[in-house]
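What follows is the residue order along each chain.
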Amino acid sequence: MKAAFYEGFGPAQEVLRIGDVATPDPGPGEVLVRLRASGVNPSDVKLRAGARPGAVMAYPRVIPHSDGAGEIAAVGEGVDRAVGARVWVWNANWQRAFGTSADYVCLPSEQVVELPDGVSFAAGACLGIPAMTAAYALDGVIAGQTVLVTGGAGAVGRYACQMAALMGARVITTVSSKDKAAHSGCEEWINYREADVSAAVMDMTNGDGIDRIVDVDFAANQDVAVACLRPGGTVSSYASASVVTPELQFYPLMFKDITLRMLIVYQLTGTRRAPVQERLQGWLRDGALSHAPVTSGGLEAIAAAHDLVAAGDKLGTVVLEV
Ligand SMILES: NC(=O)c1ccc[n+]([C@@H]2O[C@H](COP(=O)([O-])OP(=O)(O)OC[C@H]3O[C@@H](n4cnc5c(N)ncnc54)[C@H](OP(=O)(O)O)[C@@H]3O)[C@@H](O)[C@H]2O)c1
């Protein structure tokens, strides 16, 4: 099969190569997926760059990307799944060598999920990380709450805005421009680069504050959490891009009885995963979500696609058509 891969960390244009690789055979409990779309996330890009703390090549050759969508091509022993069924996949390159930037990927059956009719393959390649992270960040009671989604124009943030609204919350988001506000789809927004976010949130809520923050940058937004969360509120933080190990304001958070959730979607497996994924599947079947794939060419465009993600100014999830 054709695949894009790297055999050492480094700049995208230098280390990513295209070549022929043996097509995997599904073993017991596994499914072989003929990929049609491969999603590129910041995590894939950081991993390839060797930017993770203590990074070592865990495998001699890595086919990157955790997210993708396609059709079941074959099943291994003990798997009762229909060949030809449309599917999306998750964690394909999490603690595994071969992800989705290839014609085929072989995965345990549970990592291969029905892709409802009406959801394109490109959209399916946005689900494993962006959509599931947003859904996971919105655990617990959301109906009737006020949720602040920081970075509502981001791949995760845009889904979080939609999902919180679908769950019955009032949603306020932070963005850096009017165009990004439009992309977020959220009517109540604050330009975080121009305004005092805490003051704006308190003003918009008539001093009541908010119940939850779905947060893309814990370090940058910790003051907002302290100032704006109501007692008993929650921070669901999935990144801390500006300062990786920020100082924790323990007592200000403690005296408000705040729950801090530092979440990572890769660890969402088994019984903890099932209800979150089922909620997402329901929205997909209902056609309730708007997706924002940024289709960026075929496998041969992978290096440019990685650079686009690293630049951080695209609107949506970068997807390669396989
Ligand atoms: N823990 C997990 O499971 C998990 C899952 C998915 C992603 N992540 C991580 O989360 C980060 C975002 O991922 P993504 O795919 O959503 O990236 P993305 O599509 O590039 O979006 C990032 C968004 O964050 C916004 N942003 C950055 N700093 C901000 C701040 N201080 N306040 C408000 N908004 C801010 C950016 O807005 P502007 O461009 O307007 O500044 C941009 O819209 C990455 O670091 C990624 O690795 C973690």
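Here the structure is a predicted model, which means the values were calculated and not measured.

A. How the structure looks around the overall build of the protein. When helices and strands are tallied, the protein shows 11 helices and 15 strands. Taking the principal axes of the C-alpha coordinates as reference, the protein spans close to 60 × 40 × 35 Å. Every one of the 322 residues in the protein was classed for burial, and the buried ones make up 44%. Sequence-distant contacts, at least 24 apart, represent 68% of the contacts inside the protein between residues at least 6 apart.

B. Representation of the sheet that holds strand 11 (residues 210-215) in the model. Taking strand neighbours across the sheet as the criterion, the six strands line up as 10-9-8-11-12-13 in an open arrangement whose pairing is parallel. Of all strands in the sheet, those bounded by a partner on one side alone are strand 10 (188-191) and strand 13 (259-262). Here the strands of the sheet are splayed against their neighbours by 15 degrees on average, with no regard to which way each runs. The pairing of strand 9 (residues 170-175) with strand 10 spans four bridges and is classified as parallel. Within the sheet, the bridge partner assigned to Val175 lies in strand 10 and is Asn191. Packed onto the sheet, helix 5 (residues 155-166) meets strand 8 (146-150), strand 9 and strand 11 and runs at close to 170 degrees relative to strand 8. Contacts from helix 8 (residues 218-228) reach strand 8, strand 11 and strand 12 (229-237) within the one sheet, and its direction differs from that of strand 11 by about 175 degrees.

C. Summary view of the environment of Leu263. Within the secondary structure layout, Leu263 lies in the loop between strand 13 and helix 10 (270-286). C-alpha separation for the pair Leu263 and Ala239, spaced 24 residues apart in sequence, amounts to 8.3 Å. The residues contacting Leu263, other than those within four sequence positions of it, are Tyr136, Ala137, Ser236 and Tyr238.

D. Highlighting the site of the ligand. The environment of the ligand is formed by 29 residues, the closest being Gly151, Gly154, Ser176, Ala220 and Ala239. Of all the elements in the fold, those that place two or more residues in the shell around the ligand are helix 2 (42-49), helix 4 (127-137), helix 5, strand 9 and helix 8. Across the shell around the ligand, the residue classes break down as 16 nonpolar, 11 polar and two charged. Inspection of the shell around the ligand shows a minimum of three residues originating in each of domain 1 (2-126 + 291-321) and domain 2 (131-266).

E. Quick look at the packing of helix 4 against helix 5. For the pair helix 4 and helix 5, the least separation of the axes is 8 Å and the interaxial angle reads 50 degrees. One element, helix 4, and the other, helix 5, form an angle in the oblique class. Judged by the twist between their axes, the crossing of helix 4 over helix 5 is right-handed. The segment helix 4 lies against helix 5, with Pro130, Ala131, Thr133, Ala134, Ala135 and Ala137 engaging Ala155, Val156, Tyr159, Ala160 and Met163. Taken together, the residues that form the contact of helix 4 with helix 5 break down as 10 nonpolar, one polar and no charged.

F. Representation of the environment of Ala49 in the model. On the secondary structure map, Ala49 appears in helix 2. Measuring from C-alpha to C-alpha, the distance between Ala49 and Asp286 comes to 38 Å, with 237 residues separating the pair along the chain.

G. Layout of the nonpolar core. Counting 89 residues, the largest nonpolar core has Val33, Val105 and Ala160 as its most contacted members. Per element, the largest residue contribution to this core is eight residues, and it comes from helix 4. In contact with Val33, other than residues within four places in its own chain, are Gly70, Glu71, Ile72, Ala73, Val87, Val89, Tyr104, Val105, Leu107 and Val112.

H. Representation of the environment of Gln145. Tracing the sequence through the fold places Gln145 in the loop between helix 4 and strand 8. Here Gln145 falls in the buried class, since 20 other C-beta atoms lie within 10 Å of it. For the pair formed by Gln145 and Met167, sequence separation is 22 residues and the distance between their alpha carbons is 9.4 Å. Those residues in contact with Gln145 that sit more than four places away from it in its chain are Ala169, Asp211 and Arg212.

About the thresholds
Residues numbered from 1 in each chain as written. Predicted model: local features only at pLDDT ≥ 70, side-chain atom pairs only at ≥ 80, totals over all residues. Helix = DSSP H or I, 4+ residues; strand = E, 2+ residues; numbered from the N terminus. Buried ≥ 20, exposed ≤ 12 C-beta atoms within 10 Å, placed from the backbone. Contact = placed C-beta atoms within 7 Å. Pairing = 2+ DSSP bridges. Axes fitted to C-alpha atoms, helices over the stretch in contact; angles between N-to-C directions. Near = placed C-beta within 6 Å. Nonpolar A, V, L, I, M, F, W, Y, C, P; charged D, E, K, R; others polar. Domains from an automatic or database assignment. Parallel < 35°, antiparallel > 145°, perpendicular 65-115°, else oblique. Left-handed = near helix turned anticlockwise from the far one by under 90°. Core = buried A, V, L, I, M, F, W, Y, C linked by C-beta atoms within 7 Å.

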